[in-house]
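Results of the structural survey
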Amino acid sequence: MDKAAEGGFSVDSKQWFTQATGRINQLKKVEDQIAEHIKQMTGELAAAASSSLLTIVVAGSALLAMIVLLAMAIGTVITTQVMAVSNIIIAVETNNDLTLRIDVSTSDELGNAAVCINKMFDTFQDAIKDIEHSSALLATSSEETSATTDSNLQNLHLQQDESQLVATAIEE
């Protein structure tokens with residue numbers, strides 16, 4: 001630093017300034033080239049990011065639309081099955097017709113429920129047939145008992161008449 005105050009570096013100041021300016025200008029050119037390269041890379045990356053974002057948005061929208069359509073289709077299938085079960089149950093109740101059956105179109109929980117309801121209708125129908133058969137037997141037995149009672153009543157009247165004749169004959 002002492003020498004800086006004295007000077008005497010044996011370098012011409014104009015030459016030094018020219019060389020320093022040349023080095024600075026070369027550094028500036030390198031800096032400008034690097035800045036241009038960074039700008040170009042940034043533009044390319046921004047374009048790639050925009051393209052990727054657009055692709056993701058389109059794919060996500062398509063996927064969301066497919067999910068919504070699938071949910072609607074599943075909801076429609078379930079609603080159709082539930083309505084079919086409900087309609088048959090209402091028809092059985094309204095018409096007292098245990099011969100109606102639910103069409104089983106799936107093997108899921110609703111299909112299993114439909115199979116069980118159909119089996120329950122079969123059980124009810126068999127029970128009603130058994131009751132009808134028992135009622136028919138009871139009616140037949142009742143008719144036979146009524147016929148026997150009528151016959152016994154006629155025999156009783158006949159015996160009563162004969163007993164009165166015998167009693168009258170004995171009195172005379």
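In case you missed it, the structure is sitting above this.
Below is a summary of the structure that appears in this document. (Residues numbered from 1 in each chain as written. Predicted model: local features only at pLDDT ≥ 70, side-chain atom pairs only at ≥ 80, totals over all residues. Heavy atoms only, no water.)

1. Notes on the nonpolar core
Nonpolar side chains in soluble globular proteins tend to be buried together. The line we're drawing: Take the buried residues of types Ala, Val, Leu, Ile, Met, Phe, Trp, Tyr and Cys, join any two whose side-chain atoms come within 4.5 Å, and each joined set is a nonpolar core. Burial classes: relative accessible area under 20% of the type maximum marks a residue as buried, over 50% as exposed, and values in between as partly exposed (1.4 Å probe, protein chains only). To qualify as a helix, a DSSP run of H or I must reach at least 4 residues; to qualify as a strand, a run of E must reach at least 2; elements of each kind are numbered from the N terminus. Whether two residues are in contact is decided by their heavy atoms: any pair within 4.5 Å suffices.
Core analysis: the biggest nonpolar cluster contains eight residues, these being Val-85, Ile-88, Val-92, Leu-98, Ile-102, Ala-114, Ile-117 and Phe-121. Counting residues per element, the ones that place at least two in this core are helix 2 (13–95) and helix 3 (109–171). When neighbours within four sequence positions are excluded, Ala-114 is seen to be in contact with Val-85, Ile-102 and Val-104.

2. Structural notes on the side chain of Asn-118
Let me state the cut-off plainly: Polar contact criterion, stated in full: a pair of N or O atoms within 3.5 Å, where within protein one must be able to donate a hydrogen and the other to accept it, and residues adjacent in sequence count only if both atoms are side-chain atoms.
Positionally, Asn-118 belongs in helix 3. Among the residues examined, Asn-118 registers a relative accessible area of 11% and is labelled buried. Of note is the side chain of Asn-118, whose polar atom sits 2.8 Å from the backbone nitrogen of Ile-102.

3. Remarks on the packing of helix 2 against helix 3
To be explicit about the condition: Axes here refer to lines fitted to C-alpha atoms; in helices the fit is confined to the stretch in contact. Angles between the N-to-C directions go from 0 to 180 degrees. Note on terminology: angles under 35 degrees are roughly parallel, angles over 145 are roughly antiparallel, angles of 65 to 115 are roughly perpendicular, and the others are oblique. Residue polarity follows a fixed list, in which Ala, Val, Leu, Ile, Met, Phe, Trp, Tyr, Cys and Pro are nonpolar, Asp, Glu, Lys and Arg are charged, and the others, Gly among them, are polar.
Running from amino to carboxyl end, helix 2 crosses helix 3 at an angle of 10°, the nearest separation of the two axes being 10 Å. Here helix 3 runs roughly parallel to helix 2, going by the angle between their axes. Judged by residue contacts, Ile-78, Gln-81, Val-82, Val-85, Ile-88, Ile-89 and Val-92 of helix 2 engage Leu-110, Ala-114, Ile-117 and Phe-121 from helix 3. Partitioned by chemical class, the residues of the contact of helix 2 with helix 3 number 10 nonpolar, one polar and no charged.

4. Considering the pattern of salt bridges
Which entries qualify depends on this criterion: Salt bridge, as used here, is a side-chain nitrogen of Lys or Arg placed within 4 Å of a carboxyl oxygen of Asp or Glu.
Per the stated rule, a full pass over the model turns up two salt bridges. In this structure, Arg-101 and Asp-122 form a salt bridge, with 2.4 Å as the shortest nitrogen-oxygen distance. Note that Arg-101 is positioned in the loop between helix 2 and helix 3 and Asp-122 in helix 3, a separation of 21 residues in sequence.

5. What to know about helix 3
What counts here: Any helix carries an expected span of 1.5 Å times its number of residues minus one.
Over its 63 residues, helix 3 extends 90 Å from the first C-alpha to the last, a length consistent with the 93 Å expected when each residue adds 1.5 Å. Within helix 3, burial applies to Gly-111, Ala-114, Ile-117, Asn-118, Phe-121 and Gln-125. Contacts from the buried residues of helix 3 go to helix 2. Its side-chain oxygen 3.3 Å from the backbone nitrogen of Leu-110, Asp-108 forms the N-cap of helix 3.

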